[in-house]
Amino acid sequence: MIFGVGFSDPFLVGIIALVLLLALTFAGVRVVFSASVVGLIGLVELLGWGPAAGIVGTIPHAKSSTYALSVLPMFIFIGFLAFHAGMTQQLFDAARKWFGWVPGGLAVATVFATAGFAAVSGASTATSAVFSRVAIPEMLKYGYDKKLAAGVVAAGGTLATLIPPSAIIVIYAIIVEESVGKLLLAGFLPGAVSALIYAGIIIVWAMIRPHEAPSVSGYTWKDRIQSLPGVSPIFIVIVIIISAIYGGWATPTEAGALGAAVVFVVALLRGASFKAISGSLMESAKLTVMIFSLIWGVLIFVRFLGFSGLPEAFTAWILELDMPPMVIMICILLAYAVLGMFMDAIGMLLLTLPVVYPAVIALGFDSIWFGIIVVKMAEVCLITPPIGLNCFVVNGVRPDISLGQVFRGIALFFIADVITIAVLLAFPEIVTWLPNLLS
């Protein structure tokens, strides 16, 4: 009981807490604070001060000591160090030489370069920030439309949430207690499909409006072959991660550590300064602490939901609906699309999965397949106004391109994302094939 007000029904307490949490979130309160405070109040209401304080006090240490979480700082460090080692510029140059000749070639090259960087970064905002500096100036120099140039960088950055190493996939695995290795493997093919659909829609658009996205020619096969050694460390890291997880000779954390070691050696060989390396470590530490704090705050709320019985009630209600499971799934994804307009991707997943996941599994859907689908929805949220974080990042790096232009530029890629989600819904084998091989 709080302030003399008591509720005899835990389910009612859960509903009130959920409404309060959504109200605080939409009001602009950070998820880590709103979730932890509402969760604590709810636990006190249901259990009293002593038990509630005991539960809340043990969560930070219990979750920080989870071995699966140790993969996050490794993946984050790989991305920041790869940037400071100059791999991003070489990656874009190689992609430009290989794909610049197709309609919209520089935009297509940007998509594949961001996909390659995503395979060593795992951070979508970092990917967008890096390629705002690398790719946008080149596209504008060749006469590309500002909106398209900004949109392709913002959308390309979202590939980092799907292509391993992905922090969001790891967080999903921890929340639902699923295999991190299987989920990381499951993201490769959908990530590749998403990149190909992005490239395809750019080519079609460039054929319709060639003046907005001209091709770039003049590169010989010799130029293309000579560009490959500069990007070989990225392919080495990808091979290490895939072979380690698939072959079973290393855990995802160990694979991340090996990848970080490779990138670290390359950075030293390329003359990276002490300032660059220390900066990479500091940025990695800051982002890791932010993610861990978010997990702590939301898990307090999740623990409260368990006592309220809300997830079980939601599951029972979903199962009673007289609709095909796929229709229900589409409705759930539409709800995610709306929430993504107001919440960041990680916070949205942390808050919704404890309620939604049991219902999805009860409907008979595969846990790994749903994980990749919901992570793809998180990608969409990164470019959806008004909170599309990647769009703000591009505008912050390139203030000469207005936020309105960036949001108009992502419209083409929003259509591509809808197509990708439809493909993954229709052909779940794209997601489950690699994890099934692992089994």
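Quick look at the structure, then. All figures in this text were calculated on a predicted structure; none of them were measured in a lab.

Each value, and the rule that gives it
Residues numbered from 1 in each chain as written. Predicted model: local features only at pLDDT ≥ 70, side-chain atom pairs only at ≥ 80, totals over all residues. Heavy atoms only, no water. Helix = DSSP H or I, 4+ residues; strand = E, 2+ residues; numbered from the N terminus. Rg over C-alpha atoms; globule rule 2.2 N^0.38 Å. Buried < 20%, exposed > 50% of the residue type's maximum accessible area, 1.4 Å probe, protein only. Contact = heavy atoms within 4.5 Å. Lys, Arg positive; Asp, Glu negative; His and termini not counted. Charge placed at Lys NZ, Arg CZ, Asp CG, Glu CD. Disulfide = S-S within 2.5 Å. Expected span 1.5 Å × (residues − 1). Polar contact = N/O pair within 3.5 Å; in protein donor to acceptor, adjacent residues only side chain to side chain. Phe/Tyr/Trp six-rings, centres within 6.5 Å; stacked < 30°, edge-to-face > 60°. Lys NZ or Arg CZ within 6 Å of the ring centre and 35° of its normal. Patch = residues over 30% accessible without salt bridge, like charges linked within 9 Å, V, L, I, M, F, W, Y side chains within 5 Å. Areas by Shrake-Rupley, 256 points an atom, 1.4 Å probe, with all protein chains shown as cover. Salt bridge = Lys/Arg side-chain N within 4 Å of Asp/Glu carboxyl O.

### Thoughts on the overall build of the protein chain
- Summing up its helical and strand segments, the protein chain has 22 helices and zero strands in all.
- Against the globule reference of 22 Å for 439 residues, the protein chain gives a C-alpha radius of gyration of 22 Å, in line with a compact fold.
- If one aligns the C-alpha atoms of the protein chain with their principal axes, the spans along those axes are about 75 × 45 × 45 Å.
- Going through the 439 residues of the protein chain one by one, you find that 53% of them count as buried.
- Pairs at least 24 residues apart make up 80% of the contacts formed inside the protein chain by residues separated by at least 6 positions.
- Each charge class in the protein chain was averaged separately, 19 positive and 20 negative side chains, and the resulting centres sit 17 Å apart.

### Thoughts on the environment of methionine 323
- Position of methionine 323 among the secondary structure elements: in the loop between helix H15 (310-320) and helix H16 (325-339).
- Owing to a relative accessible area of 38%, methionine 323 belongs among the partly exposed residues under this scheme.
- Taking C-alpha positions, methionine 323 is 30 Å from arginine 303, a pair spaced 20 residues apart along the chain.

### Regarding the state of the cysteines
- Taken as a whole and judged by the stated rule, the model has zero disulfides.
- Cysteine 391 takes part in no disulfide bond, and the closest cysteine sulfur to it belongs to cysteine 381, at a distance of 12 Å.

### Details of helix H8 (residues 146-157)
- Between its first and last C-alpha, H8 extends 17 Å over twelve residues, near the 16 Å set by a 1.5 Å rise per residue.
- Taking burial as the measure, the twelve residues of H8 include ten buried ones, the bulk of the element.
- Along H8, the residues classified as buried are Leu148, Ala149, Ala150, Gly151, Val152, Val153, Ala154, Ala155, Gly156 and Gly157.
- At its buried positions, H8 is contacted by helix H6 (105-121), helix H7 (124-141), helix H11 (188-208), helix H19 (389-397), helix H20 (403-409) and helix H21 (411-426).
- One side-chain oxygen of the residue at the start of H8 lies 3.1 Å from the amide nitrogen of lysine 147, identifying that residue as aspartate 145.

### Description of the packing of aromatic side chains
- Counted under the stated rule, the structure contains nine aromatic pairs.
- Seen in terms of ring centroids, phenylalanine 99 and phenylalanine 112 are 4.7 Å apart; in terms of plane orientation they differ by 35°. Their pairing is tilted. With a gap of 13 residues between them, phenylalanine 99 in helix H5 (residues 87-99) and phenylalanine 112 in helix H6 connect regions that are remote in the sequence.
- A relative accessible area of 30% means that phenylalanine 99 is categorised as partly exposed.
- When the ring of phenylalanine 301 is compared with that of phenylalanine 304, the centres are 5.8 Å apart and the planes differ by 55°; the resulting orientation is tilted. Separated by three residues within a single helix, phenylalanine 301 and phenylalanine 304 lie in helix H14 (residues 274-308), roughly one turn from each other. Phenylalanine 304 matches phenylalanine 301 in its accessibility class, with the two residues each being buried.
- Lying across the ring of tryptophan 221, arginine 224 places its NZ or CZ 4.9 Å from the centre.

### Re helix H18 (residues 367-381)
- Here H18 spans 21 Å end to end across 15 residues, near enough to the 21 Å set by a 1.5 Å rise per residue.
- In terms of residue burial, H18 counts as a mostly covered element, since 15 of its 15 residues are buried.
- With a side-chain oxygen positioned 3.0 Å from the backbone nitrogen of isoleucine 368, the residue opening H18 is aspartate 366.

### Observations concerning a nonpolar patch on the surface
- A cluster of nonpolar residues, Leu189, Ile242, Tyr246, Trp433 and Leu437, forms a patch on the protein surface that exposes about 450 Å² of accessible area.
- Breaking the nonpolar patch down by element, the ones donating at least two residues are helix H12 (221-247) and helix H22 (429-438).

### A word on the pattern of salt bridges
- All told, the structure shown has eight salt bridges when counted by the stated rule.
- Among the ionic pairs, aspartate 400 bridges to arginine 398, the shortest N-O distance being 2.8 Å.
- The class for arginine 398 is buried, based on a relative accessible area of 16%.
- If you follow the salt bridges from partner to partner, you end up with Asp93, Arg96, Glu138 and Lys141 in one network.

### Some thoughts on the side chain of threonine 127
- Mapped onto the fold, threonine 127 is located in helix H7.
- On the accessibility criterion, threonine 127 (0% relative accessible area) is buried.
- Those residues in contact with threonine 127, other than ones at most four positions away along the chain, are Thr114, Phe117, Ser121, Gly157 and Ala160.

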